[in-house]
Amino acid sequence: MRLFAAILAFALVGCATTSAPVTGELSARISAPVAPSTDRGLIHLSQHTSASLYVPASYLSDHPAPFLLLLHGASGRGDNMIRKFKDEADRRGIILLAPDSEGNTWDVALTYGNSRQAPHFGNDAVRVDAALSQTFARYAIDPRHAGIAGFSDGAGYALSLGVKNSRLFPSIMA
């Protein structure tokens, strides 16, 4: 539990378009919500993605909240990551987004073992981008307090995706 608290504490310490997500560069950007939502608690996103979003009851639309994108390990699911971080998110008012990888693990990890080509981003980056866009359109996020974190295979993906998108994620944790 202390590990999760430390990761969330670290996360507390940049919507325009960039290049195609297949490069790992995400197009989602934090901006004022265009379709504000009053929904709180666990929300399942499904449009072009499969992701769990957790919005603490303390969220106020006129006070941008800290944000953490959570990436699960191999064979994991976003819901599991939300369960592990929910209590600390409630204490600190952090919005959590935890997408599911399309396959057993994240696309970069799947391509890593292929000796014929360098590891590359694929449909998971597109799905993460869609989940981020949906979240940023609905909730006020503090761009100075946005982070990406992952566990196991998700840690590698968080490092890869986070570095490619360091303007979006000032905090990267593995």
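1. What to know about the sheet that holds strand β1 (residues 41–45)
Right, on to step 1. Reading across the sheet, the six strands line up as β1-β2-β4-β3-β5-β6 and stay open at both edges, with mixed pairing between neighbours. Each of the sheet's edge strands pairs with one partner strand only, and the pair in question is β1 and β6 (171–173). Taken pair by pair, the neighbouring strands of this sheet meet at an average axis angle of 20 degrees, ignoring direction.
Right, on to step 2. Note: strand β5 (residues 141–150) against β6, three bridges, orientation parallel. Looking at the pairing, I148 lines up with I172 of β6.
Right, on to step 3. Along the sheet, helix α2 (residues 78–92) makes contact with β1, β2 (51–55), β3 (65–71) and β4 (95–99), crossing β4 at roughly 175 degrees.
Right, on to step 4. Sheet strands touched by helix α5 (residues 153–164): β3, β5 and β6. Its angle to β5, the strand with the most contacts, is close to 140 degrees.

2. Concerning α2
A turn of α-helix holds 3.6 residues, and therefore any two residues three or four places apart point the same way.
Right, on to step 1. Between its first and last C-alpha atoms α2 spans 20 Å; for 15 residues at 1.5 Å apiece the expected length is 21 Å, and the two agree.
Right, on to step 2. A maximum bend of about 50 degrees is found in α2 at F85.
Right, on to step 3. Looking only at α2, the buried set comprises G78, D79, M81, I82, F85, E88 and A89.
Right, on to step 4. One or two positions beyond α2, positive phi appears at G93, with a value near 70 degrees.

3. A look at the packing of aromatic side chains
Right, on to step 1. The final tally for this structure, using the stated rule, is four aromatic pairs.
Right, on to step 2. Aromatic side chains F67 and F136 sit 5.5 Å apart centroid to centroid with 70 degrees between the ring planes, which places their arrangement in the edge-to-face category. Taken together, the residues F67 in strand β3 and F136 in helix α4 (residues 123–138) connect sequence positions 69 residues apart. For the pair F67 and F136, a shared accessibility class is recorded, and that class is buried.
Right, on to step 3. Plain terms: the ring middles of F121 and Y157 are 5.8 Å apart, the flat faces sit at 55 degrees to each other, and that makes the pair tilted.

4. Examining the pairing of β4
Right, on to step 1. Burial analysis of β4 places five of its five residues in the buried class, which makes it a mostly covered element.
Right, on to step 2. Along β4, one buried face is formed by I95, L97 and P99 and the opposite face, lined by L96 and A98, is buried too.
Right, on to step 3. As defined by bridge partners, β2 adjoins β4 across four bridges and the pair is classed as antiparallel. Residue pairing for β4: Y54 is matched across the bridge by L96.
Right, on to step 4. Bridge analysis of β3 against β4 gives three bridges, and the strand direction is parallel. Note that in β4 the partner of L68 across the bridge is L96.

5. Comments concerning the pairing of β3
Right, on to step 1. Within β3, seven of the seven residues are buried, which leaves the element mostly enclosed by the surrounding structure.
Right, on to step 2. Here β3 pairs with β5 via six bridges, running parallel. For L70, the partnering residue across the bridge sits in β5 and is A149.
Right, on to step 3. What joins β3 to β4 is α2, and the crossover it makes is right-handed.

Definitions and cut-offs
Residues numbered from 1 in each chain as written. Predicted model: local features only at pLDDT ≥ 70, side-chain atom pairs only at ≥ 80, totals over all residues. Heavy atoms only, no water. Pairing = 2+ DSSP bridges. Helix = DSSP H or I, 4+ residues; strand = E, 2+ residues; numbered from the N terminus. Axes fitted to C-alpha atoms, helices over the stretch in contact; angles between N-to-C directions. Contact = heavy atoms within 4.5 Å. Expected span 1.5 Å × (residues − 1). Bend = angle between axes of the 7 residues up to and from the residue. Buried < 20%, exposed > 50% of the residue type's maximum accessible area, 1.4 Å probe, protein only. Phe/Tyr/Trp six-rings, centres within 6.5 Å; stacked < 30°, edge-to-face > 60°. Right-handed = clockwise from strand over helix to strand, strands pointing away.

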